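So the chains spell out like this:
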Amino acid sequence: MKYLVLISRIIVGVLFIISGLIKLNDPMGFSFKLEEYFSPSVLDLPFLTPLALGISIFVVIVEVILGVLLLIGFKPKFTVWSLLLMIVFFTFLTFYSAYFNKVTDCGCFGDAIKLTPWESFTKDVILLVFILILFYGRKYITPLFGPKINWSIGGVALLACILFANHVLAHLPVVDFRPYKIGANIQEGMSVPEDAPQPVYEYAWRFKVNGEEQIYITQGDYPSVDGEFIDVETTEIQKGYEPPIHDFTIEQEGQDYASRVLEVEKLVMVIAYDLAKSNWDAFEEVAKVTSEAKQKGYKVIGMSASSSDMANRVVDTYGLDFKFFFTDETTLKTIVRSNPAILVLHKGTIKQKVHYNDFDELKF
């Protein structure tokens, strides 16, 4: 039992630290995932939506700290109980998401590792087993150091997490795991290889044969049945290839200009997924930066999911010399974790991407 506890201690501790640090690198992204869970179509807890970012930061820091405490063997009773309660809650959540197909990606490892709902649930069940081993064998969890060193390690870990979270929120994630990272080409991200796997569908054909209803399963062919056709139910049993970027549009008055805009050699995108929630003070700097960019031959466009009335209001208020196009809010949130933000592109390749706090770092 002693060695089983040791193995479980290392596995759980390392996984919690890795999972927590990946999400701590992008707490804004994790908060968007929590908003999805809080939505009426999932858990129906809309009153928690405004608190999503705070909850996100708290959860990921706790995740990291518990992993650290487990590895150093400090406060084993508190640590194991906390791990057990956390994993029970998340196991329920991932099962709910998988069974009812509510959230297609739990966000357990941020954008670094994508897991299907059932993969997320399986992962949590395995972790639950390891944590139960720790729970029943917690007497074998002994501290690696004395109380003073353990308190120091815990304190340093907590302070480091807080400082790191503050840094990525005030700027951008240190490591960008998304398909819109610097150096990525958006057109290439949207392309589908010729030999890409195609989706596989199963067809359940319902016929009335000799007065009784019967179902015939095929992979698409119409079954040879001597009977009266009633209906057919189609089920996707294997997903086909989905390009990393599959929902990118630049629309105005119902027309998509993405293919045309992404061919521009010198392009500046001002992105604000929701102008009503933007840091409006930053648009004074946006006006200066975009004016400088246009003087140097750059084409400047805005991209937002807000209404044209809201976009025109911002343009008029801050004297912006460019127009806003419509792009899906989720897409804009994926592109950059800042509202507003600026991207610089060359023929669809992202050369620069900055938070509104870092507009002074742009180079044209």
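Everything quoted here is computed from the prediction, not taken from an experiment.

Calculation criteria
- Residues numbered from 1 in each chain as written.
- Predicted model: local features only at pLDDT ≥ 70, side-chain atom pairs only at ≥ 80, totals over all residues.
- Heavy atoms only, no water.
- Helix = DSSP H or I, 4+ residues; strand = E, 2+ residues; numbered from the N terminus.
- Areas by Shrake-Rupley, 256 points an atom, 1.4 Å probe, with all protein chains shown as cover.
- Lys, Arg positive; Asp, Glu negative; His and termini not counted.
- Charge placed at Lys NZ, Arg CZ, Asp CG, Glu CD.
- Buried < 20%, exposed > 50% of the residue type's maximum accessible area, 1.4 Å probe, protein only.
- Salt bridge = Lys/Arg side-chain N within 4 Å of Asp/Glu carboxyl O.
- Patch = residues over 30% accessible without salt bridge, like charges linked within 9 Å, V, L, I, M, F, W, Y side chains within 5 Å.
- Pairing = 2+ DSSP bridges.
- Axes fitted to C-alpha atoms, helices over the stretch in contact; angles between N-to-C directions.
- Phe/Tyr/Trp six-rings, centres within 6.5 Å; stacked < 30°, edge-to-face > 60°.
- Right-handed = clockwise from strand over helix to strand, strands pointing away.
- Parallel < 35°, antiparallel > 145°, perpendicular 65-115°, else oblique.
- Left-handed = near helix turned anticlockwise from the far one by under 90°.
- Contact = heavy atoms within 4.5 Å.
- Nonpolar A, V, L, I, M, F, W, Y, C, P; charged D, E, K, R; others polar.
- Polar contact = N/O pair within 3.5 Å; in protein donor to acceptor, adjacent residues only side chain to side chain.
- 1 Å grid on protein atoms, 1.4 Å probe; cavity = no way out; pocket = protein on both sides within 12 Å on 5 of 7 lines; lining within 4 Å.
- Points joined across faces, edges and corners; volume = space filled by probe spheres on them.

Here the focus is the overall build of the protein. A count of helices and strands for the protein gives eleven helices and ten strands. Taken along its principal axes, the extent of the C-alpha atoms in the protein is 80 × 70 × 40 Å. Carbon and sulfur atoms form 59% of the exposed surface of the protein, whose accessible area is close to 19,600 Å². In the protein, 32 side chains carry a positive charge and 42 a negative one; their mean positions are 12 Å apart.

Cis geometry marks the peptide bond from Asn339 to Pro340; its omega dihedral reads 10°. Inspection of the secondary structure assignment puts Pro340 in the loop between helix H11 (329–335) and strand S9 (341–346). The backbone of Asp44 sits at a positive phi, close to 55°, despite the residue not being glycine. Examined against the element boundaries, Asp44 turns out to sit in the loop between helix H2 (27–38) and helix H3 (52–72). Backbone geometry places Glu253, a non-glycine residue, at a positive phi of 55°. With respect to the secondary-structure elements, Glu253 resides in the loop between strand S4 (251–252) and strand S5 (255–256). On the accessibility criterion, Glu253 (85% relative accessible area) is exposed.

All right, on to the pattern of salt bridges then. For the coordinates displayed, the defined rule picks out 13 salt bridges. Linking Lys123 and Asp124 is a salt bridge whose minimum nitrogen-to-oxygen distance equals 2.8 Å. For Asp124, a relative accessible area of 2% corresponds to the buried category.

On to a negative patch on the surface, then. On the surface, Asp281, Glu284, Glu285, Asp360 and Glu361 cluster together into a negatively charged patch. One can find Glu285 in helix H9 (residues 282–295).

Here three strands make up an open sheet; going across it, the order is S2-S1-S3 and the pairing antiparallel. Among the strands making up the open sheet, the edge pair consists of strand S2 (212–218) and strand S3 (228–238). Taking the axes of each pair of neighbouring strands and ignoring which way they run, one obtains an average angle of 20° across the sheet. In the sheet, strand S1 (residues 200–209) pairs with S2 via seven bridges, with the strands oriented antiparallel. In the strand pairing of S2, Tyr203 is matched with Thr218.

Aromatic rings in a pair are described by how distant their centres are and how their planes are angled relative to each other. What the rule picks out here adds up to 22 aromatic pairs. Note on Tyr257 and Phe325: the rings are 5.8 Å apart at their centroids and 75° apart in plane angle, and the pair reads as edge-to-face. Of this pair, Tyr257 sits in the loop between S5 and helix H8 (258–261) while Phe325 is found in strand S8 (residues 324–326), placing the two residues 68 residues apart along the sequence. Each member of the pair, Tyr257 together with Phe325, is buried. An aromatic cluster of at least three residues, connected via ring pairs, comprises Tyr203, Trp205, Phe207, Tyr216, Tyr222 and Phe229.

As a further point, take the pairing of strand S6 (residues 267–271). Counting buried positions over the five residues of S6 gives five, a clear majority of the element. A two-sided burial pattern is seen for S6, the buried positions comprising Leu267, Met269 and Ile271 on one face and Val268 and Val270 on the other. In the sheet, S6 pairs with strand S7 (residues 299–304) via five bridges, with the strands oriented parallel. From the neighbouring strand, Met269 faces S7, where its bridge partner is Ile301. For the crossover that starts at S6, traverses H9 and ends in the parallel S7, the hand is right-handed. The pairing of S6 with S9 spans five bridges and is antiparallel. Among the inter-strand pairings, Leu267 is bridged to a residue of S9, identified as Leu345.

Orientation of helix H1 (residues 2–24) relative to helix H5 (residues 117–136), taken along the N-to-C sense of each, is 130°, at an axis distance of 9 Å. The orientation of H1 relative to H5 falls into the category oblique. Both H1 and H5 take part in a crossing whose hand is left-handed. Side by side, H1 and H5 meet where Leu4, Val5, Ser8, Arg9, Ile11, Val12, Leu15 and Phe16 of the first sit next to Leu127, Phe130, Ile131, Ile133 and Leu134 of the second. Its residues assigned to classes, the contact of H1 with H5 shows eleven nonpolar, one polar and one charged.

The next point concerns the environment of Gln198. Residue position: Gln198 is located in the loop between helix H7 (186–190) and S1. With a relative accessible area of 55%, Gln198 lands in the exposed category. Along the chain, Gln198 and Gln238 lie 40 residues apart, while their C-alpha atoms are 8.5 Å from each other. Here the side chain of Gln198 touches Ala196 through a polar contact of 3.3 Å, landing on its backbone oxygen.

In this structure, the second largest pocket occupies an estimated 360 Å³ of space. The wall of the second largest pocket is formed by 21 residues, among which Met28, Phe32, Leu53, Tyr273 and Lys277 lie closest to the centre. The element contributing the most residues to the lining of the second largest pocket is H2, with four residues. Its residues assigned to classes, the lining of the second largest pocket shows nine nonpolar, seven polar and five charged.

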